[in-house]
2 protein chains.
Amino acid sequence: MTARIITIGREYGSGGRSIGEQAAKMLGYGFYDKVLIDLAAKKSGFAIDYIRNTEEQVTPNYLFNLAANGYYANSMFINDGLPASDNLFILQSKIIRELAEKGPCVIVGRCADYILRDRTDCLNVFIHAPLADRVARAVGEYGLPAEGAEKTVQRNDKIRSKHYQYYAGSKWGHIHRYHLTLNSSAFGCEAAAALIVETARKFG
Amino acid sequence: MTARIITIGREYGSGGRSIGEQAAKMLGYGFYDKVLIDLAAKKSGFAIDYIRNTEEQVTPNYLFNLAANGYYANSMFINDGLPASDNLFILQSKIIRELAEKGPCVIVGRCADYILRDRTDCLNVFIHAPLADRVARAVGEYGLPAEGAEKTVQRNDKIRSKHYQYYAGSKWGHIHRYHLTLNSSAFGCEAAAALIVETARKFG
């Protein structure tokens, strides 16, 4: 059996997005990352720039678990009483569920493991790496200015962690949330992608 | 390149020991688990029963990091001023270092990832599984009485966690301590072992 859906959580600078993309290519799967934002924008009428700015920048409040519980799954309801980030999450959750129905795919970020938690065909993966390696990748590959790069990497991780805690209600990067976690520095991105493919084939 | 040493940490009842043994067989590696206790006993003159009772049952105190820092690496020094559990850890640390020098092997438990942290040929793996599955394995395979089994499994995990925190000075089962973590329930023990072998071949 093969994992029909592969969700990938990743520390900033770990190469997780690239690894997911390579794994999708190897498997002949769809691949979804930033494209989700555009899909959400088109469906909601939200301005793309606004969504990009809002994305993954939430602060904790009493409105949690609202989006992923399926309540809004069959409507494109936008609630003016909710923070824009909550509305965005609701839209993204709906789109992620639609994509998972549509066909085999790799989905990076967006709490996809949590949103799709009731499915039995999801392989949930988390990619991490030592901080120094992630800073080096962020500077060398993502073009982050070297000065202050370490702080930026750590801040981005903190934003992701808070986002996950807020919407998924549990700890980002904790082993119990994932079927497989990999240190990308120990293998390199290509080998890590190959391992995910191998793991997907043994899943279930 | 292949990982010359594979260390395996594991939640109680996850099948980690069996997975490690299968991986060692597939790779033609040595396999070390309880045998370490006997080796330690023989070298130290400690009574085996005493060691079995002491093993992994430490409580935090001011004497931490003493064993694994190499201070005692070249002596079989037994310090009467130390708790027996600390002396045992010192002995096990020495034996683990000797085994790692001797030849390719899989070592289960015993903070081996921490003890061998300065080597560059170690693949560090952690095996986990949902609590219900671990309780079922503990009852069905290890012969634990069904009544109170869940509590026993949780208590054993707590003991391992405290032991790791005390000697390795960091959080047991945290992704940053391992190159690979696997949920054994998602794959089954045989496939998990095969994945470790595949991962070992891509390591470094």
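The rules behind each value
Residues numbered from 1 in each chain as written. Chains lettered and ligands numbered in written order. Predicted model: local features only at pLDDT ≥ 70, side-chain atom pairs only at ≥ 80, totals over all residues. Heavy atoms only, no water. Least-squares fit on C-alpha atoms with pLDDT ≥ 70 in both. Contact = heavy atoms within 4.5 Å. 1 Å grid on protein atoms, 1.4 Å probe; cavity = no way out; pocket = protein on both sides within 12 Å on 5 of 7 lines; lining within 4 Å. Points joined across faces, edges and corners; volume = space filled by probe spheres on them. Helix = DSSP H or I, 4+ residues; strand = E, 2+ residues; numbered from the N terminus. Nonpolar A, V, L, I, M, F, W, Y, C, P; charged D, E, K, R; others polar. Pairing = 2+ DSSP bridges. Axes fitted to C-alpha atoms, helices over the stretch in contact; angles between N-to-C directions.

- Going by an unreviewed UniProt entry, chain A carries the name Cytidylate kinase-like family protein and comes from Pyramidobacter porci.

1. A few points about the relation of the copies chain A and chain B
Then, in step 1: You can overlay chain A on chain B at an RMSD of 0.0 Å; the transform is a turn of 180° with a shift of 0.0 Å along its axis. Such a combination of rotation and displacement between the chain copies is what one expects of a two-fold axis. Within chain A, Thr181 of chain A has its C-alpha nearest the rotation axis, a separation of 2.5 Å.
Then, in step 2: When the interface residues of chain A are mapped onto chain B, 100% of them again lie at the interface, so the same face is used by both copies.

2. Let's talk about empty space enclosed by the protein
Then, in step 1: A full pass over the atoms with the stated rule returns five cavities of 30 Å³ or more.
Then, in step 2: What the largest cavity holds in volume is close to 150 Å³.
Then, in step 3: Lining the largest cavity are 15 residues, with Gly109, Arg110, Cys111, Tyr164 and Trp172 of chain A positioned closest to its centre.
Then, in step 4: Those elements that place two or more of their residues in the lining of the largest cavity are β1 (5-10), α5 (112-115) and α7 (149-168) of chain A.
Then, in step 5: When residues in the lining of the largest cavity are grouped by element, the largest group, four residues, is from β1 of chain A.
Then, in step 6: Within the lining of the largest cavity, the residues separate by chemical class into six nonpolar, four polar and five charged.
Then, in step 7: Empty space within the second largest cavity amounts to approximately 130 Å³.
Then, in step 8: Surrounding the second largest cavity, 16 residues form its lining, Gly109, Arg110, Cys111, Tyr164 and Trp172 of chain B being those nearest its centre.

3. Things to note about the sheet that holds strand β2 (residues 30-32) of chain B
Then, in step 1: Spatial strand order, β2(A)-β3(A)-β1(A)-β4(A)-β5(A)-β5(B)-β4(B)-β1(B)-β3(B)-β2(B): ten strands in an open sheet with mixed pairing. Every other strand in the sheet has two partners, leaving β2 (30-32) of chain A together with β2 of chain B as the edge strands with one partner each. Geometrically, the sheet is characterised by an average inter-axis angle of 20° between neighbouring strands, direction not taken into account.
Then, in step 2: In terms of strand pairing, strand β4 (residues 122-128) of chain B meets strand β5 (residues 180-183) of chain B through four bridges, oriented parallel. By the bridge assignment for β5 of chain B, Phe126 of chain B is matched with Thr181 of chain B.

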